[in-house]
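# Structure at a glance
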Amino acid sequence: MPDLSPDQEVASREAIARRPGRKSRGLKAIGLLGFVCLGFMLVLAATAIAAGASDRDATVWLAVGAVIAGLLAIGLLIGSRVLLRRRAARDGDRAHQDPIQPETTAEEAERYEERFHDFPVEHAGKRERGRDDRLEEMHDERRRDNDGKA
């Protein structure tokens, strides 16, 4: 990989500095609390089953507690997941969706385009190239239509 010029390195550092800060710890803590509530629900459910087997009066209250803890756990887990996805989409941060997949840098994207799509980086750009291709296709279609009518 070629070394970056000082200007490119500064631009890269500035781009990293402009990224929105990750403030996802609170949302992740909500998800963790959801898992704790899920564990508490399992404990309450097991206790309710044991209390029911021994014919205790607290069986109904333990079962109700297990249902409430389960609903709370599901709500917290779904809520944290939805909010994390919204934040990731808003920040343009794909890492929340797939933590194993590293973020692609601009240099890696350029090398990929050059290597696999025969697209030179110094080129005017994909949009211009695509526009030119579309215009050429439109002209070809018009020529074919005109040749067919004659």
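Residues numbered from 1 in each chain as written. Predicted model: local features only at pLDDT ≥ 70, side-chain atom pairs only at ≥ 80, totals over all residues. Heavy atoms only, no water.

## Thoughts on the overall build of the protein
Selection criterion: The helix count covers DSSP runs of H or I at least four residues long, the strand count covers runs of E at least two residues long, and both are numbered beginning at the N terminus. Burial classes follow relative accessibility: with a 1.4 Å probe on protein chains only, a residue under 20% of its type's maximum area counts as buried, one over 50% as exposed, and anything between as partly exposed. By definition, residues are in contact when any of their heavy atoms lie within 4.5 Å.
Tallying secondary structure elements over the protein gives five helices and zero strands in all. Reading the protein from its N terminus to its C terminus gives the helix and strand order α-α-α-α-α. When burial is assessed residue by residue, the protein has 15% of its 150 residues classed as buried. Look at the contacts in the protein between residues 6 or more apart in sequence, and 57% of them connect residues 24 or more apart.

## Concerning the nonpolar core
Our working definition: Put simply, a nonpolar core is a bunch of buried Ala, Val, Leu, Ile, Met, Phe, Trp, Tyr and Cys residues held in one set by side-chain atoms that sit within 4.5 Å of each other.
The biggest cluster of nonpolar side chains holds six residues, and these are Leu 44, Ala 48, Ala 51, Leu 62, Ala 66 and Ala 69. Counting residues per element, the ones that place at least two in this core are helix H2 (25-53) and helix H3 (59-91). Once residues lying within four places of it in the same chain are set aside, the contact partners of Leu 44 are Leu 62, Gly 65, Ala 66 and Ala 69.

## Remarks on the pattern of salt bridges
In plain terms, the rule: When a carboxyl oxygen of Asp or Glu lies within 4 Å of a side-chain nitrogen of Lys or Arg, that pair is called a salt bridge.
Tallied over the full model, the rule gives one salt bridge. Where Asp 140 meets Arg 143, a salt bridge forms, and the shortest distance between an N and an O atom there is 2.9 Å. Of this pair, Asp 140 and Arg 143 both sit in helix H5 (residues 126-149), three residues apart, which is roughly one turn of that helix. Asp 140 sits in the partly exposed class, given a relative accessible area of 26%.

## Thoughts on H2
Note that an α-helix has 3.6 residues per turn; residues three or four places apart therefore point the same way. For clarity, the threshold we go by: A helix's residues, less one, multiplied by 1.5 Å, set its expected span.
Between its terminal C-alpha atoms H2 stretches 42 Å, which fits the 42 Å expected from 29 residues at 1.5 Å a residue. Buried within H2 are the following residues: Leu 27, Gly 31, Gly 34, Cys 37, Leu 44, Ala 48 and Ala 51. Asp 55 sits one or two residues past H2 and shows a positive phi near 60°.

## A look at the side chain of Ser 80
Mapped onto the elements, Ser 80 comes out in helix H3. With near-sequence residues (within four places) excluded, Ser 80 lies in contact with Leu 27, Ile 30 and Gly 31.

## Digging into a negative patch on the surface
Heads up, the rule is: Like charges are joined within 9 Å and nonpolar side chains (Val, Leu, Ile, Met, Phe, Trp, Tyr) within 5 Å, but only among residues with over 30% relative accessible area and no salt bridge; these make up the patches. Calculation of accessible area relied on Shrake-Rupley with a 1.4 Å probe; when residues are assessed, cover is drawn exclusively from the protein chains displayed. Only four residue types enter the charge count: Lys and Arg as positive, Asp and Glu as negative, with His and the chain ends excluded. Charge positions come from single atoms, namely NZ of Lys, CZ of Arg, CG of Asp or CD of Glu.
A cluster of acidic residues, Asp 132, Asp 133, Glu 136, Glu 137, Glu 141 and Asp 145, forms a negative patch at the surface. Tracing the sequence through the fold places Asp 145 in helix H5.

## Overview of the environment of Ala 48
Secondary-structure assignment places Ala 48 in helix H2. Taking the C-alpha atoms as reference points, Ala 48 and Trp 61, 13 residues apart in sequence, are found 8.1 Å from one another.

## A short note on unusual backbone geometry
Its identity is not glycine, yet Asp 55 carries a phi of approximately 60°, on the positive side. As for its placement among the helices and strands, Asp 55 is situated in the loop between H2 and H3. Residue Asp 55 is classed as exposed on the basis of its relative accessible area of 70%.

## Thoughts on a nonpolar patch on the surface
On the surface, Leu 32, Leu 33, Phe 35 and Val 36 cluster together into a nonpolar patch covering about 410 Å² of accessible area. Among the secondary structure elements, Val 36 is positioned in helix H2.

## Here we look at the confidence of the model for the protein
Short version of the rule: A score between 0 and 100, pLDDT records how confident the predictor is in each residue.
Across the protein, pLDDT averages 77, with 63% of residues at or above 70. When mean pLDDT is compared element by element in the protein, H2 scores highest at 93, while helix H1 (residues 6-18) scores lowest at 60.

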